[in-house]
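Structure assessment
What follows is the residue order along each chain.
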Amino acid sequence: MKITTFDPMIVSPKADDVIALFEQLGFEKTHAPVTSLETRDVKDVRMKHPEGYHVDVADVAELPQDMTMIRLNVDNFEEAAEILIAHGFVNTRGDGKVETKSAKAATMVSPSGFRISLIEHIKNHD
């Protein structure tokens, strides 16, 4: 399994405020996909600093406060999930995952409570 991206992700009910802060710190929006889930759409903004740093900001209105997690993109979702589960991580969707034509994803929670947003991008899609 290969890791293709590893950076912080901030999930926030006030994503516009978080984005504005990082813009003032020199970050620029580079990508802003919207993922349709069963209950809502999630807007995720990828930002890059001129020095090469990245941060993702996800807009999730239902949260009472901001949550920070690690975004971990891999080339094999199942293998990465198995490794995390072997280390005590639990998938917040049980055995499920969000599947779109461009990605597989799930939030994995460690025994101590930190979260990893595990994602495999599917390169050959419509």
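Just so it is clear, the structure is predicted and the values come from calculations on it, not from any experiment.

A grouping of Met1, Ile3, Phe6 and Ile83 is seen on the molecular surface, where their side chains present a nonpolar patch of about 400 Å² in accessible area. Along the chain, Phe6 turns up in strand β1 (residues 3-12). Exposure remark for Phe6: the relative accessible area of 58% places this residue in the exposed category.

Time to look at the packing of aromatic side chains. This model, assessed by the stated rule, comprises two aromatic pairs. Ring plane angle 85° and centroid distance 5.3 Å describe the contact between Phe22 and Phe27, whose orientation is recorded as edge-to-face. Measuring from centroid to centroid gives 5.4 Å for Phe89 and Phe114, while their planes differ by 85°, and the two rings are edge-to-face. Of this pair, Phe89 sits in the loop between α2 (77-86) and β7 (90-91) while Phe114 sits in the loop between β9 (103-109) and β10 (115-121), placing them 25 residues apart in sequence. Judged by relative accessible area, which is 10%, Phe89 ranks as buried.

Moving on: the side chain of Thr5. Looking at where Thr5 falls in the secondary structure, it is placed in strand β1. When sequence neighbours within four positions are dropped, the list of residues in contact with Thr5 reads Arg46, Arg71, Leu72 and Asn73.

Counted according to the given criterion, the structure contains six salt bridges. Residues Arg46 and Asp56 are paired through a salt bridge, measuring 2.9 Å at the closest nitrogen-oxygen approach. Residue Arg46 is located in strand β4 (residues 41-48), and its partner Asp56 is located in strand β5 (residues 54-59); the two are separated by 10 residues in the primary sequence. No difference in accessibility class separates Arg46 from Asp56, as the two residues are buried. Salt-bridge contacts for Asp56 lead to Arg71; the nearest nitrogen and oxygen are separated by 2.3 Å. Separated by 15 residues along the polypeptide, Asp56 in strand β5 and Arg71 in strand β6 (residues 67-74) bring together distant segments of the chain.

Parameters at a glance
- Residues numbered from 1 in each chain as written.
- Predicted model: local features only at pLDDT ≥ 70, side-chain atom pairs only at ≥ 80, totals over all residues.
- Heavy atoms only, no water.
- Patch = residues over 30% accessible without salt bridge, like charges linked within 9 Å, V, L, I, M, F, W, Y side chains within 5 Å.
- Areas by Shrake-Rupley, 256 points an atom, 1.4 Å probe, with all protein chains shown as cover.
- Salt bridge = Lys/Arg side-chain N within 4 Å of Asp/Glu carboxyl O.
- Helix = DSSP H or I, 4+ residues; strand = E, 2+ residues; numbered from the N terminus.
- Buried < 20%, exposed > 50% of the residue type's maximum accessible area, 1.4 Å probe, protein only.
- Phe/Tyr/Trp six-rings, centres within 6.5 Å; stacked < 30°, edge-to-face > 60°.
- Contact = heavy atoms within 4.5 Å.

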